[in-house]
Amino acid sequence: MSEIIEQGVLRDIPYHVKKLKVDDLPQILDLQRTVVDALPHKDILEPLSAEEFEYILKGNGIVIGVFVGDRLIAFRALLIPEIDDQHLGKDIGLNEEDLKRVIYQEISNVHPEFRGYGLQKKMAKIIMKLIDDSEFDYVMATVMPYNIPSIKDKLHQGMHIAALKEKYGGKLRYIFVKPLRKKLKLKKEAVLIPMGDIEGQKNLLHNGYIGVAIKHQCDDWYVEYRKVEAEDLG
């Protein structure tokens, strides 16, 4: 049985967190199906296949799960990606050596019955601590524009928008990154742009801006972009 990483109480409900193994795959797939079925817009989430989960669980990343008793209610995954043409590091201009030191934040699912318990933040905090920073320099992820909960999740972890491109067969995605060994010093000037202005955001990103926050105003969501003044080694 996997070692328990954390345990506590969700309001009145005891829970525990542990690293998942291949034997947990049926529960992972069942939970993913439940989450996908409950989505109002199916393209918000890019579900993983059984083979992709198995690849991670067999030593190519980490999957943690939150359990209530024996029931899996949430999971979050990190993936050590293959270096191919679709590697996210290539989308932000990393060199070949740096590509080897990238780990992805992959899929994260919470059962609809347990939304509002702060499980996304809880799992993010736990799984980020499990990253071996002697092996990895960058954490990367993709999120669809207007997937506000996922965008907030990435920003809360100190990630920023580094690119906006079509991935997964033509689906538009923000590409988030968090350097683990560098601290970014940002210029004070900020540009606020509607999230729906795709070309405007691409232009800002092309000209050295990064997305660092989102704001809701005038019945729309806006992204705050700022330029990097300097990069300091952590």
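Residues numbered from 1 in each chain as written. Predicted model: local features only at pLDDT ≥ 70, side-chain atom pairs only at ≥ 80, totals over all residues. Heavy atoms only, no water.

Draft legend 1. Expanded view of the environment of Leu 192. Its location among the elements puts Leu 192 in strand 9 (residues 182-194). Considering only alpha carbons, one finds Leu 192 and Gly 59, 133 residues apart in sequence, at a separation of 41 Å. Among all residues touching Leu 192, those that are not within four sequence positions of it are Lys 215, Gln 217, Tyr 222, Val 223 and Glu 224. (Helix = DSSP H or I, 4+ residues; strand = E, 2+ residues; numbered from the N terminus. Contact = heavy atoms within 4.5 Å.)

Draft legend 2. Spotlight on the environment of Phe 53. Residue placement: Phe 53 occurs in helix 2 (residues 50-57). On the accessibility criterion, Phe 53 (0% relative accessible area) is buried. What Phe 53 contacts, discounting residues up to four positions off in sequence, is Leu 25, Ile 28, Leu 29, Gln 32, Leu 48, Phe 75 and Ile 107. (Buried < 20%, exposed > 50% of the residue type's maximum accessible area, 1.4 Å probe, protein only.)

Draft legend 3. Focus on the nonpolar core. Within the largest apolar cluster, 40 residues are counted, with the highest numbers of intra-cluster contacts made by Tyr 174 and Tyr 225. In terms of residue count, helix 5 (residues 119-129) provides more of this core than any other element does, 5 residues in total. (Core = buried A, V, L, I, M, F, W, Y, C linked by side-chain atoms within 4.5 Å.)

Draft legend 4. Quick peek at the side chain of Lys 154. As for its placement among the helices and strands, Lys 154 is situated in helix 6 (residues 148-156). Take Lys 154: its relative accessible area is 8%, and that puts it in the buried class. A distance of 3.0 Å separates polar atoms of two side chains, one belonging to Lys 154 and the other to Asp 153. Other than its neighbours up to four places away in sequence, Lys 154 contacts Arg 76, Gln 105, Ala 141, Val 143, Met 159 and Phe 176. (Polar contact = N/O pair within 3.5 Å; in protein donor to acceptor, adjacent residues only side chain to side chain.)

Draft legend 5. Seen up close, the pairing of strand 7 (residues 160-167). When strand 7 meets strand 8 (residues 171-179), the two strands line up antiparallel, connected through 7 bridges. From the neighbouring strand, Lys 165 faces strand 8, where its bridge partner is Arg 173. (Pairing = 2+ DSSP bridges.)

Draft legend 6. Local environment of the pairing of strand 3 (residues 61-68). In terms of residue burial, strand 3 counts as a mostly covered element, since 6 of its 8 residues are buried. Taken together, the 4 bridges between strand 2 (residues 13-19) and strand 3 define a ladder with antiparallel strand orientation. The residue of strand 3 that forms the bridge with His 16 is Phe 67. Note that strand 3 and strand 4 (residues 71-79) share 8 bridges and pair antiparallel. Note on strand 4: the bridge partner recorded for Ile 62 is Leu 78.

Draft legend 7. Layout of unusual backbone geometry. Not every positive phi belongs to a glycine, and Cys 218 is a case in point at roughly 55°. Residues other than glycine seldom take positive phi values, yet Asp 219 does so here, at roughly 60°. Relative to the assigned elements, Asp 219 resides in the loop between strand 10 (209-217) and strand 11 (220-233).

Draft legend 8. Geometry of the pattern of salt bridges. Tallying each qualifying case throughout the model produces 14 salt bridges. The salt bridge partner of Asp 137 is Arg 101, with a shortest N-O separation of 2.7 Å. Here Arg 101 lies in the loop between helix 4 (96-99) and strand 5 (102-110) and Asp 137 lies in the loop between helix 5 and strand 6 (138-143), a separation of 36 residues in the sequence. Overall, the relative accessible area of 13% leaves Asp 137 in the buried class. Note that Arg 181 and Asp 137 form a salt bridge whose closest N and O atoms lie 2.5 Å from each other. In this pair, Arg 181 is assigned in the loop between strand 8 and strand 9 and Asp 137 in the loop between helix 5 and strand 6, connecting sequence segments 44 residues apart. Classification of Arg 181 as partly exposed rests on a relative accessible area of 39%. The network of salt bridges with common partners includes Arg 76, Asp 153 and Lys 154. (Salt bridge = Lys/Arg side-chain N within 4 Å of Asp/Glu carboxyl O.)

Draft legend 9. Expanded view of the packing of aromatic side chains. Tallied over the full model, the rule gives 3 aromatic pairs. When the ring of Phe 114 is compared with that of Tyr 117, the centres are 5.6 Å apart and the planes differ by 45°; the resulting orientation is tilted. By relative accessible area, which is 7% here, Phe 114 ends up buried. Ring geometry for Tyr 174 versus Phe 176: centroids 6.3 Å apart, planes at 75°, classification edge-to-face. Residue Tyr 174 is classed as buried on the basis of its relative accessible area of 0%. Cation over ring: Arg 11 sits above Tyr 117, and NZ or CZ is 4.1 Å from the ring centre. (Phe/Tyr/Trp six-rings, centres within 6.5 Å; stacked < 30°, edge-to-face > 60°. Lys NZ or Arg CZ within 6 Å of the ring centre and 35° of its normal.)

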